[in-house]
Amino acid sequence: MFEHSVSSGPRAAVEARRHVRDRVATTLSASKLADCELMTSELVTNAVQHAQIDAGAFIGLDIAVEPAMVHVSVVDSGEGFHAREVAFAYDAAGRIDSF
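A brief structural summary. Just so it is clear, the model here is predicted, and its values are computed rather than measured.

**A few points about the nonpolar core**
Right, so step 1: The biggest cluster of nonpolar side chains holds 17 residues, and the ones touching the most others in it are Val44, Ile59 and Ile63.
Right, so step 2: When contributions to this core are tallied by element, the ones reaching two or more residues are α1 (12-24), α2 (30-50) and β2 (58-66).
Right, so step 3: Top element by residues in this core is α1. It accounts for five residues.
Right, so step 4: Ignoring any residue separated from it by four or fewer positions in sequence, one finds isoleucine 63 in contact with Met1, Phe2, His19, Val20, Arg23, Val24, Val70, His71 and Val72.

Here it is in structure tokens:
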């Protein structure tokens, strides 16, 4: 497990992508590495924009490399949110039919 933190702010996603790249570049194909970087960037950006944490607060970044997968966790100190419950049904073709 590789643990790191980045400082919340405009460069947080850039720093997080660099840490992911440094840790897993030799493990993943170029396309899988790009996917991993993009997902990490999106999660860190969400933490910066929506966690309501102070600029400069730390965002945790944990990277675990296993034989069949790479696991990246992004953790912030925000209060979180309550997910809405949404009811929907599928039609015969497997598409969402109604809410």
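Anyway, onward from the coordinates.
**A look at the sheet that holds strand β3 (residues 69-75)**
Right, so step 1: Read from one edge of the open sheet, three strands run β1-β2-β3, paired in antiparallel fashion. Each end of this open sheet is capped by a strand with a single partner; those strands are β1 (2-7) and β3. Taken pair by pair, the neighbouring strands of this sheet meet at an average axis angle of 20°, ignoring direction.
Right, so step 2: In this fold α1 packs onto β1, β2 and β3, with an angle of close to 160° to the strand it touches most, β1.
Right, so step 3: Where α2 meets the sheet, it contacts β2 and β3, and its direction lies at approximately 10° from that of β3.

**With respect to the environment of valine 48**
Right, so step 1: Along the chain, valine 48 falls in helix α2.
Right, so step 2: Relative accessible area serves as the criterion here: at 27%, valine 48 is assigned to the partly exposed category.
Right, so step 3: C-alpha separation for the pair valine 48 and serine 7, spaced 41 residues apart in sequence, amounts to 9.4 Å.
Right, so step 4: Sequence-distant contacts of valine 48, defined by excluding residues within four places in its chain, comprise Ser8, Gly9, Ala12 and Ile59.

**What about the pairing of β3?**
Right, so step 1: Two elements, β2 and β3, share seven bridges in a ladder whose sense is antiparallel. Across the sheet, residue aspartate 62 finds its bridge partner in β3, namely serine 73.
Right, so step 2: The hairpin formed by β2 and β3 contains two residues between the paired strands.

**Topic: α2**
Right, so step 1: The terminal C-alpha atoms of α2 lie 30 Å apart, and with 21 residues this matches the ideal 30 Å at 1.5 Å per residue to within 8%.
Right, so step 2: Every buried residue of α2 is listed here: Leu33, Cys36, Glu37, Thr40, Ser41, Val44 and Ala47. What you see down the axis of α2 is that its buried residues fit within an arc of 135°, all on one side. In α2, the exposed positions that point more than 90 degrees away from the buried face belong to Lys32, Met39, Gln49 and His50.
Right, so step 3: Where α2 is buried, its residues meet α1, β2 and β3.
Right, so step 4: Two residues or fewer past α2, glutamine 52 is found with a positive phi of approximately 55°.

**Here's the deal with the packing of α1 against α2**
Right, so step 1: Between α1 and α2, the least distance of the axes is 8 Å, while the angle of their chain directions is 150°. In terms of crossing hand, the pair formed by α1 and α2 is right-handed. Only Leu33, Cys36, Glu37, Thr40, Ser41, Val44, Thr45 and Val48 of α2 make contact with α1, whose side of the interface consists of Ala12, Ala13, Ala16, Arg17, Val20, Arg21 and Val24.
Right, so step 2: Considered class by class, the residues forming the contact of α1 with α2 number nine nonpolar, three polar and three charged.

About the cut-offs
Residues numbered from 1 in each chain as written. Predicted model: local features only at pLDDT ≥ 70, side-chain atom pairs only at ≥ 80, totals over all residues. Heavy atoms only, no water. Core = buried A, V, L, I, M, F, W, Y, C linked by side-chain atoms within 4.5 Å. Buried < 20%, exposed > 50% of the residue type's maximum accessible area, 1.4 Å probe, protein only. Helix = DSSP H or I, 4+ residues; strand = E, 2+ residues; numbered from the N terminus. Contact = heavy atoms within 4.5 Å. Pairing = 2+ DSSP bridges. Axes fitted to C-alpha atoms, helices over the stretch in contact; angles between N-to-C directions. Expected span 1.5 Å × (residues − 1). Arc of directions from axis to C-beta. Left-handed = near helix turned anticlockwise from the far one by under 90°. Nonpolar A, V, L, I, M, F, W, Y, C, P; charged D, E, K, R; others polar.

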